[in-house]
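Examining the three-dimensional arrangement
Next come the chains, spelled out residue by residue.
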Amino acid sequence: MTAPGTPIAVITGASSGIGAATARQLAAAGYRVVLTARRKDRIEELAAEINEAGHQATAYALDVTDRTAVDEFATAFQTLAVLVNNAGGALGADPVATGDPADWRQMYEVNVIGTLHMTQALLPALTASGDGTVVVLSSTAGHSTYEGGAGYVVAKNGARVLAETLRLEIVGTPVRVIEIAPGMVKTDEFATTRFRGDTEKAAKVYAGVTEPLTADDVADTITWACTRPPHVNIDLLVVRPRAQASNTKVHRDL
Ligand SMILES: NC(=O)c1ccc[n+]([C@@H]2O[C@H](COP(=O)([O-])OP(=O)(O)OC[C@H]3O[C@@H](n4cnc5c(N)ncnc54)[C@H](OP(=O)(O)O)[C@@H]3O)[C@@H](O)[C@H]2O)c1
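Here is a short report on the structure shown in this document. Predicted model only: the values in this text are computed from it and were never measured.

Parameters at a glance
- Residues numbered from 1 in each chain as written.
- Predicted model: local features only at pLDDT ≥ 70, side-chain atom pairs only at ≥ 80, totals over all residues.
- Heavy atoms only, no water.
- Helix = DSSP H or I, 4+ residues; strand = E, 2+ residues; numbered from the N terminus.
- Contact = heavy atoms within 4.5 Å.
- Near = heavy atom within 4 Å.
- Polar contact = N/O pair within 3.5 Å; in protein donor to acceptor, adjacent residues only side chain to side chain.
- Areas by Shrake-Rupley, 256 points an atom, 1.4 Å probe, with all protein chains shown as cover.
- Nonpolar A, V, L, I, M, F, W, Y, C, P; charged D, E, K, R; others polar.
- Expected span 1.5 Å × (residues − 1).
- Bend = angle between axes of the 7 residues up to and from the residue.
- Axes fitted to C-alpha atoms, helices over the stretch in contact; angles between N-to-C directions.
- Parallel < 35°, antiparallel > 145°, perpendicular 65-115°, else oblique.
- Left-handed = near helix turned anticlockwise from the far one by under 90°.
- Buried < 20%, exposed > 50% of the residue type's maximum accessible area, 1.4 Å probe, protein only.
- Arc of directions from axis to C-beta.

1. Re the environment of glycine 19
Tracing the chain through its elements places glycine 19 in helix 1 (residues 17-28). Taking C-alpha positions, glycine 19 is 22 Å from glutamine 244, a pair spaced 225 residues apart along the chain. Not counting chain neighbours up to four residues away, the residues in contact with glycine 19 comprise Ile11, Gly13, Ala14 and Asn86.

Given below as structure tokens:
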């Protein structure tokens, strides 16, 4: 049973990695969390785990690139405290000369258009809450480029610009916009998805890096930023592991 006035947080891409960790941490911080992702079984399992721990969670299968489904989902919310736009990721690491345009399109669709869909559909409820927070998971890839990264870098620059522009446009309304830009985070699926299931290639991303960031590290920064007093807007948090000085300068013990 939801206590009256319990703030609600919607998290996209809550079926794995940073999204799942954020769902656990926001629930522990007192939000009723609504977990969304395409894999229904995963989010239902996580919602059950969170509820068993004495917190409040529900699961809703949703593809953020499907505008009709997003609009239908949004009708459930009169008011919303937090939207975490986390669904996203990279596909491939090919140079510009040979990158697959279909990969570029797909990355743009989920990282940018997905974030646009969710933000547009839920902005009225975020505003109605009187203190709404939009979080956009960009990446350090949204701030500087690297060889083989262009398709993802373009998409994450799009997510960054969406956040920056929205902040300008809605100033004066009771909604703040927070961009979280992580560097290297070792999650179970990010690199495997990028290399289409090639676990050897995926493992090379983290080779020799003793302590890459974890999903929990990033969830901690998201939860911290969301739980600041409402008038405090953490515009941007760039979070990297100590072993990573830039996208291309990583210390590896090999
Ligand atoms: N790991 C890193 O090094 C790193 C660094 C910087 C930024 N990031 C960003 O942080 C976010 C989370 O990354 P992660 O490492 O946790 O990756 P992950 O484990 O691969 O998680 C990606 C999540 O996005 C969901 N998703 C993908 N396409 C979707 C769609 N069309 N509709 C709804 N959900 C969709 C996936 O769920 P379903 O497949 O179940 O739909 C999954 O839950 C991403 O935006 C990523 O770009 C990651």
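2. Some points on the environment of aspartate 220
By secondary structure assignment, the location of aspartate 220 is in helix 8 (residues 215-226). Along the backbone, aspartate 220 and threonine 36 are 184 residues apart, and their C-alpha atoms lie at a distance of 19 Å.

3. Notes on the site of the ligand
Taken together, 29 residues surround the ligand, and among them Ser15, Arg38, Asn86, Tyr152 and Thr187 come closest. Side-chain polar atom of serine 16 to an oxygen atom of the ligand: 2.8 Å apart, as the coordinates give it. Within the side chain of aspartate 63, one N or O atom sits 2.9 Å away from a nitrogen atom of the ligand. Protein burial of the ligand: of its 880 Å² of free accessible surface, 94% is covered by the chains. Listed by contribution, the elements that provide at least two residues to the shell around the ligand are helix 1, helix 4 (101-128) and helix 5 (150-169). Residues that form the shell around the ligand fall into these classes: 11 nonpolar, 13 polar and 5 charged.

4. Re helix 4
Given a rise of 1.5 Å per residue, 28 residues ought to cover 40 Å, and the 40 Å separating the end C-alpha atoms of helix 4 matches this to within 8%. At leucine 122, helix 4 is deflected by roughly 50°, the largest bend along its length, and proline proline 124 occurs up to four residues later in sequence. Looking one or two residues past helix 4, glycine 130 carries a phi angle of roughly 90°, positive in sign.

5. Considerations on the packing of helix 4 against helix 5
The contact between helix 4 and helix 5 brings their axes to 7 Å, and the two run at 15°. Put simply, helix 4 runs roughly parallel to helix 5. Considering the relative orientation of helix 4 and helix 5, their crossing is right-handed. Along its contact with helix 4, which presents Trp104, Met107, Tyr108, Asn111, Val112, Thr115, Leu116, Thr119 and Leu123, the element helix 5 presents Ala150, Gly151, Tyr152, Val154, Ala155, Lys156, Gly158, Ala159, Leu162 and Leu166. The class makeup of the residues in the contact of helix 4 with helix 5 is 13 nonpolar, 5 polar and 1 charged.

6. A few points about helix 2 (residues 40-52)
Along its 13 residues, helix 2 runs 18 Å from first to last C-alpha, staying within 8% of the 18 Å computed at 1.5 Å per residue. Buried within helix 2 are the following residues: Ile43, Leu46, Ala47 and Ile50. All buried residues of helix 2 project into a common sector of 105° when viewed along the axis, lining one side. Away from its buried face by more than 90 degrees, helix 2 exposes Asp41, Glu45 and Glu52. At its buried positions, helix 2 is contacted by helix 1, strand 2 (32-37) and strand 3 (56-61). Remark: glycine 54 follows helix 2 within two positions and exhibits a positive phi of approximately 95°.

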